[in-house]
Amino acid sequence: EAKCTTEGVWGTDSLVTEVGRAAFSNKNMQPMSQGAYMVIWKKAGGDWKLFRDMYSADVTPKTK
């Protein structure tokens with residue numbers, strides 16, 4: 001499961017940047033990762049399309 005919380009949005013009528021926080025859990029709802037994200041949206045043919053995105057974890061996830 002992914003939960004994204006938008007913290008800010010700005011841009012123009014054809015390109016918009018969204019920044020926020022994200023948290024990811026496994027199927028047992030145990031936390032797996034959390035961090036910051038950024039999405040750049042581009043208007044194409046009257047619709048907003050995801051143009052670029054990135055995610056940066058607060059800490060490196062533990063591995064077994």
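Residues numbered from 1 in each chain as written. Predicted model: local features only at pLDDT ≥ 70, side-chain atom pairs only at ≥ 80, totals over all residues. Heavy atoms only, no water.

Moving on: the side chain of Glu18. Counting through the fold element by element, Glu18 comes out in strand S2 (residues 15–25). Buried and without a salt bridge, Glu18 has Arg21 as its closest oppositely charged side chain, separated by 12 Å. There is a polar contact of 2.9 Å between the side chain of Glu18 and the side chain of Trp41. (Helix = DSSP H or I, 4+ residues; strand = E, 2+ residues; numbered from the N terminus. Buried < 20%, exposed > 50% of the residue type's maximum accessible area, 1.4 Å probe, protein only. Lys, Arg positive; Asp, Glu negative; His and termini not counted. Salt bridge = Lys/Arg side-chain N within 4 Å of Asp/Glu carboxyl O. Polar contact = N/O pair within 3.5 Å; in protein donor to acceptor, adjacent residues only side chain to side chain.)

Moving on to the pairing of strand S3 (residues 31–44). Of the pairings in the sheet, the one linking S2 to S3 comprises 11 bridges and is antiparallel in character. When the sheet's bridge partners are listed, Phe24 is paired in S3 with Ser33. Between S2 and S3, which pair antiparallel and follow one another directly, the connecting turn spans five residues, one of which, Met29, has a positive phi of 65 degrees. Two elements, S3 and strand S4 (residues 47–57), share 10 bridges in a ladder whose sense is antiparallel. Within the sheet, the bridge partner assigned to Ala36 lies in S4 and is Ser56. Hairpin remark: S3 followed by S4, antiparallel, with two residues in the connecting loop; positive phi at Gly45, about 60 degrees. (Pairing = 2+ DSSP bridges.)

Here the structure, examined in full by the defined rule, presents one salt bridge. Asp58 is the salt-bridge partner of Arg21, the closest N and O atoms lying 2.5 Å from each other. With a gap of 37 residues between them, Arg21 in strand S2 and Asp58 in the segment after S4 connect regions that are remote in the sequence. Overall, the relative accessible area of 40% leaves Asp58 in the partly exposed class.

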